[in-house]
Structure formats: structure tokens, C-alpha cells
Amino acid sequence: MSSSKPEKIAVAYSGGLDTSVMIKWLSDKYNAEIIAVTGNLGQKKEIENLEEKAIQTGASKFHFLDLRKEFVNSYIWPALKAGALYEGIYPMATALGRPLLAKTLVEVALKENCTALSHGCTGKGNDQVRFEVAFATLAPELKVYAPLRDWEFKSREDEIAYAHANNIPIKATKDNPYSIDENIWGTSIECGDLEDPMNPAPEDAYQSTVSPEKAPDEPQTIDIEFIQGEPVGVNHENLDGLELIERLNAIGGKHGIGRIDLVENRLVGIKSREIYEAPAASILHFAHKELERLTLEKNVFQYKQNIEIDYANLIYNGQWFSPMRSAFDAFITETQKPVTGLVQLKLYKGNIILQGRKSPHSLYNEELATYTSSDTFNHKASEGFIHIYGLGLKTFSQSLERNVPKKKSISVKTVDAKKVVFK
Ligand code: ARG
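A quick note: this is a predicted structure, and the numbers were derived from the prediction, not measured.

The rules behind each value
Position numbers for residues count from 1 along each chain, tracking the sequence in the order it is written. Only residues with pLDDT of at least 70 get local features here, since the model is predicted, and only at 80 or more are side-chain atom pairs given and counted; chain-wide, interface and lining totals rely on the full set of residues. In computing side-chain values, all of the structure's heavy atoms are included and hydrogens and water are not. To form a nonpolar core, buried Ala, Val, Leu, Ile, Met, Phe, Trp, Tyr and Cys residues must be joined to one another through side-chain atoms within 4.5 Å. Any residue under 20% of the maximum accessible area for its type is buried, any over 50% is exposed, and the rest in between are partly exposed; the area is computed with a 1.4 Å probe on protein chains only. By definition, any uninterrupted DSSP run of H or I lasting at least four residues is a helix, any uninterrupted run of E lasting at least two residues is a strand, and each is numbered from the N terminus. For this analysis, residues touch if any pair of their heavy atoms sits within 4.5 Å. Asp and Glu are treated as the negative residues and Lys and Arg as the positive ones, with His and the ends of the chain left uncounted. Each reported salt bridge corresponds to a side-chain nitrogen of Lys or Arg within 4 Å of a carboxyl oxygen of Asp or Glu. Two N or O atoms count as a polar contact when they lie within 3.5 Å, although within protein this holds only if one can serve as hydrogen donor and the other as acceptor, and sequence-adjacent residues are included solely when both atoms are side-chain atoms. The pLDDT score gives, residue by residue, the confidence of the prediction method on a 0 to 100 scale. Pairing between two strands requires that DSSP report at least two bridges joining them. Under this scheme, a helix contributes an axis fitted over its contacting stretch, all axes are lines through C-alpha atoms, and angles between N-to-C directions fall in the 0 to 180 degree range. Angular relationships are summarised with four words: roughly parallel below 35 degrees, roughly antiparallel beyond 145, roughly perpendicular across 65 to 115, and oblique for the angles in between. Handedness of a crossing is defined here by the sense of rotation of the near helix relative to the far one, left-handed for an anticlockwise turn of less than a right angle and right-handed for a clockwise turn. Note that Gly is not counted as nonpolar here; it falls among the polar residues with everything else outside the nonpolar set of Ala, Val, Leu, Ile, Met, Phe, Trp, Tyr, Cys and Pro and the charged set of Asp, Glu, Lys and Arg. Expected span, for any helix, means 1.5 Å times one less than how many residues it has. Along the arc lie the directions from the helix axis toward the C-beta atoms. The nearness test applies per residue and asks whether one of its heavy atoms lies within 4 Å of the molecule or strand. Note that accessible areas follow from Shrake-Rupley with a 1.4 Å probe, and for residues the cover is restricted to the protein chains shown.

Trainee: What am I meant to see in the nonpolar core here?
Mentor: Across soluble globular proteins, nonpolar side chains have a tendency to be buried as a group. Judged by nonpolar contacts, the single largest core of 76 residues is most densely connected at Trp185, Leu284 and Ile315. Ranked by the residues each element gives to this core, the list is headed by helix α4 (residues 93–111), at 10 residues. Once you skip the residues sitting within four places of it in the chain, isoleucine 315 turns out to touch Ala79, Ala84, Met92, Ala95, Leu96, Arg130 and Trp320.

Trainee: Quick question: what am I supposed to make of the side chain of glutamate 264 here?
Mentor: When you line up the elements, glutamate 264 lands in strand β11 (residues 259–265). No salt bridge is formed by the buried glutamate 264; its nearest oppositely charged neighbour, arginine 266, is found at 5.2 Å. Among the polar contacts listed, one links the side chain of glutamate 264 to the side chain of tyrosine 276, at a separation of 2.5 Å. Among the polar contacts made by the side chain of glutamate 264, one reaches the side chain of tyrosine 316 at a distance of 2.6 Å. Those residues in contact with glutamate 264 that sit more than four places away from it in its chain are Tyr86, Glu87, Tyr90, Asn126, Ile270, Lys271, Ser272, Glu274, Tyr276 and Tyr316.

Trainee: Is there a simple way to think about the confidence of the model for the chain in this case?
Mentor: Summary statistics for the chain give a mean pLDDT of 95 and a share of 96% for residues scoring 70 or more. Mean pLDDT values for the elements of the chain range from 92 in helix α14 (residues 391–403) up to 99 in helix α9 (residues 279–295).

Trainee: Sorry, what's going on with the pattern of salt bridges here?
Mentor: Close approach of charged atoms lets side chains of opposite charge pair. Under the criterion given, the structure shown has 25 salt bridges. For lysine 8, the salt bridge goes to glutamate 112, with nearest N and O atoms at 3.6 Å. Taken together, the residues lysine 8 in strand β1 (residues 8–12) and glutamate 112 in the loop between α4 and β4 (116–118) connect sequence positions 104 residues apart. In terms of burial, lysine 8 and glutamate 112 fall into one category: buried. Residues aspartate 329 and arginine 325 are paired through a salt bridge, measuring 2.9 Å at the closest nitrogen-oxygen approach. Of the two residues, aspartate 329 and arginine 325 both sit in helix α11 (residues 323–335), four residues apart, roughly one turn of that helix. Assessed through its relative accessible area of 19%, aspartate 329 is described here as buried. Residue arginine 325 is classed as buried on the basis of its relative accessible area, which comes to 15%. Beyond isolated ion pairs, a larger network of salt bridges with shared partners links Arg98, Asp127, Arg130 and Asp181.

Trainee: What am I meant to see in the side chain of threonine 19 here?
Mentor: Summarising the element assignment, threonine 19 is placed in helix α1 (residues 17–29). At 3.4 Å, the side chain of threonine 19 forms a polar contact with the backbone nitrogen of glycine 15. Once residues lying within four places of it in the same chain are set aside, the contact partners of threonine 19 are Ala12, Tyr13, Ser14 and Gly120.

Trainee: What is the right way to look at the pairing of strand β6 (residues 179–183) in this model?
Mentor: In the case of a regular strand, side chains alternate between the two sheet surfaces. Where β6 meets strand β7 (residues 186–190), five bridges bridge the pair, whose relative direction is antiparallel. The partner of isoleucine 180 across the bridge, within β7, is isoleucine 189. Turn length for the β6-β7 hairpin, with the two strands adjacent in sequence and antiparallel, is two residues.

Trainee: Sorry, what's going on with the packing of α1 against helix α7 (residues 156–165) here?
Mentor: In contact at an axis separation of 10 Å, α1 and α7 are set at 60 degrees when each is read in the N-to-C sense. The orientation of α1 with respect to α7, classified from their angle, is oblique. As for how α1 packs across α7, the hand of that crossing is left-handed. Facing α1, whose interface residues are Leu17, Asp18, Val21, Lys24, Trp25 and Asp28, α7 presents Arg156, Glu159, Ile160, Tyr162 and Ala163. Each residue belonging to the contact of α1 with α7 can be placed in one class, and the counts come to six nonpolar, no polar and five charged.

Trainee: Help me understand α11 in this model?
Mentor: Count 3.6 residues to each turn of an α-helix, and residues three or four apart come out pointing the same way. The end-to-end C-alpha separation of α11 is 19 Å, in line with the 18 Å expected for 13 residues at 1.5 Å each. Within α11 the residues assigned to the buried category are Arg325, Phe328, Asp329, Ile332 and Thr335. For α11, the arc enclosing every buried residue in end-on projection is 120 degrees, short of the 170-degree limit, so these residues lie on one face. Projecting away from the buried face of α11 at angles above 90 degrees are the exposed residues Pro323, Ala330 and Thr333. Taken together, the buried residues of α11 touch α3 (68–81) and α10 (298–316).

Trainee: Before we go on, may I ask you to explain the site of the ligand in this structure?
Mentor: Around the ligand, a shell composed of 15 residues is seen, among which Tyr90, Asn126, Ser179, Glu264 and Glu274 lie nearest. A distance of 3.3 Å separates a nitrogen atom of the ligand from a polar atom in the side chain of glutamate 190. In the environment of the ligand, a nitrogen atom lies 2.7 Å from a nitrogen or oxygen atom belonging to the side chain of glutamate 264. Taking 340 Å² as the accessible area of the ligand by itself, protein coverage stands at 93%. Listed by contribution, the elements that provide at least two residues to the shell around the ligand are α4, α5 (127–138), β6, β7 and β12 (271–277).

Trainee: Would you mind going over the pairing of strand β8 (residues 220–227) with me for this structure?
Mentor: Bridge count between β8 and strand β13 (residues 341–348): seven bridges; the pairing is antiparallel. Of the residues in β13, the one forming a bridge with glutamine 220 is leucine 347. Here four bridges tie β8 to strand β9 (residues 230–234), and the two strands are oriented antiparallel to one another. Its bridge partner being in β9, phenylalanine 226 is matched across the sheet by proline 231. Linking two consecutive strands that pair antiparallel, namely β8 and β9, is a turn of two residues; a positive phi of about 45 degrees is found at glutamine 228 within it.

Trainee: Help me out: how do you make sense of the environment of serine 362 in this one?
Mentor: Its location among the elements puts serine 362 in the loop between β14 (351–358) and α12 (366–369). If sequence neighbours within four positions are ignored, serine 362 has contacts with Leu294 and Thr295. Within the local environment of serine 362, its side chain forms a polar contact with the backbone nitrogen of tyrosine 364, the two atoms lying 3.1 Å apart.

Written out as C-alpha cells, the structure is:
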């Protein structure tokens, strides 16, 4: 008989097919006690009767944690202030949720004296990396099981058959071809017809937004208020972060805002096609950037653009719990000091249209910018400025004229457009 401790595994449980099958499979395979853990990040589906389901499936205990406020304040707002949009467009609802779920799972596991952690991510996605890098950072002493990487099931049907054979309660819903991950910051949808990037996203893939064609014919104007880069109100009503995001998801979804169709570069080296629905995230990123244009000093604004790309990559690539993020956050927090004010937007059939912006820290000076008689800009001073500013290039080009013999013009090979065939 082995004297090692019996296995006790904390499982990140969503209530869906994979994680339900996982509970039973892990407990059989490792003769383990299973602690099921679900974090509420604002997902609408599959959070009812989870405890009953988890226990019926074979878990000995179930923990449900409402993480929504922490998600907004400690994950979403930092990412918003950092302008973190992966590859320029994806607000990363899924990628931001993983480190918080990982941290929560670790906390429960330590409290429950677990020996291992387990998640239901596949072997070709980013999420396995995000979970496991976070686990390794927060609790390197715990083992990690990723059954979807090594179990025997080859398809959904295999899993359903196993569930039936083992009395695992699963919803007998009609076959949904999509893989969906949802939280308050957005919904990620892949698989089914979406796998051909030339296919337009089918309407039934979208979960919470209407198509621009079905959106109201009347536009809606909204004011978004920020204090030091954080959204604090909509239409002059103060709202806490969670309410504010929910409000904008509802308004934006109604106007067909925040549908994103993206072929993206995964960390594991493949390109994948995913669609996202993120009305609040799209509206808030848009408005926040416009307020920064008004309030950030030129060098800060332009330098921050580089940090935004790095910050987005850091989140996407599972490096949330890192000294690099703390360093970036220090920079971002400093930049946000003047980002207080109001942005007015018009929402109309899938479009976010900027109406106006104002701030007590605005650096826009109408007297300097105007072309009317109230202009205070010193036009004469430009002459000397241009002379000095251009002096280096002028000197360089004069040296070329003196030193470089004239070359024949270089011919560029072009492709014969008539020979290119698109299939
Ligand atoms: N591609 C996105 C990411 O890596 C979303 C992944 C989860 N998508 C899903 N449909 N389950 O962040």
C-alpha cells in the first residue's frame, strides 16, 4: 500500500459538459476526492443549481464565489486604463477572467488542503497556459491535472455517452455547435461554421447583441463620465463598476455594438477565428481613448501606445501575476491622473460615433488652435523653429548631392495581376 496522501483535487467547474465529465473521470482515475469550484464572473448561463449538479456528479463539496466586483475593479479597470486590446481589437474578457479564476481555485485548494488543481481547458488553447502559469506562480507545490489533454474521449458524443453511463446530469439541450465562454466583459464564441474564416458569422452564433440591421432606427446618445481613467457614471448617474458595465452591455447590445470578428494569433502558434460580443468593453475603450487624446501630454499619449500593446500581450499570454504587470500598472496609474471628464457618444446600428469630449484637465487650447482673429499662436516663431528642426535633414541631403554619384533608377518587379487566381 502506498503511504502517499490520498488525492484531493480542486476543480474549476463551470457546470458544462467538459467539467461535469471531468469530476467523475478524475475521481475514478485518481481515486480522488473532488472539490468543485465555480467563480461568478457575470456569466448568465449555467449558474443555476450548480451545487446540486456538482454533488450529484461526484464532488464532495462545492464552492461558489461571487468574483464580479473583484473582476471589475482589479482586472477589467486596469486593462481598460491600459488600453489593452489584443491585436488592436479584442478586449479579452476570457483572457482577463482566467487569472482571477486561477487565483480563486488556488485559494480554495489551500483552504481545503487539496493536493492538486484541475481545469477543463483543451490542449491547443491559450487558457491552459493562463491557468497553469498562474497556478505555478501562486502554488507551485500543487499538482495540476488537465484531463482534456489526456483523456480517452475524442468527441462531444463520447463525453455524452460517458455522462449517461455514469449518471452525470447534463443538459439535454439541442446540439449547440459553438464553444462559448461568457463573462461580464464579453462573450467569446468559436467552432461550428466559424471555423472557415470566409464564412460570415451566422446570426445564431451571437448571444447578446442584435445585428445592426435589426437595431433601432433612432440613434441613442450617451454620456460616459470618467475619474482618473475609471468609468464612474452614465448619463450623469453615478454607477458602481458592475452596474455601469451591465448598463452599457444592455444599451450597446440593443444597438448592435461590440460585435468583433477576429482571426487571431494564439500563444500556441496557430491562428484561430473567434467572434466576440463586448458592447460595454467596446464603448468604454472607445470613450476612454478619446478622453486620453484630450488630456494626455503628447509624449505620454504616444509612449503609452507602446505599453498598450505590451500590456495586451501580457494579459493574452497568461502573464498576469508578474512583476512586469506591476511595473506597467505603476506607469499606467501615473498616466491616468488627468483622465477625468466626459465623453459623449452616439450609438447607431453597430457604430459608436463620437459626439464630444470635455475635461477640467483638457490640454486643448482653443486660442492656440483657432483660425479666427482670437488666435494667439505665434506664427512668426514657426519660421525659426522649422529652420532648426529641419537643419539635420537639410545638411544630410546636401552631403548626398556632393558625395553620391547619380544612380540609374531602380526597377521594381511586379506581379501580373491577371495571373492571380482567387479560389
Ligand atoms: N480566443 C480567446 C482567448 O484566447 C477566447 C478563448 C475561449 N473561447 C471560447 N470560445 N471558449 O482569449
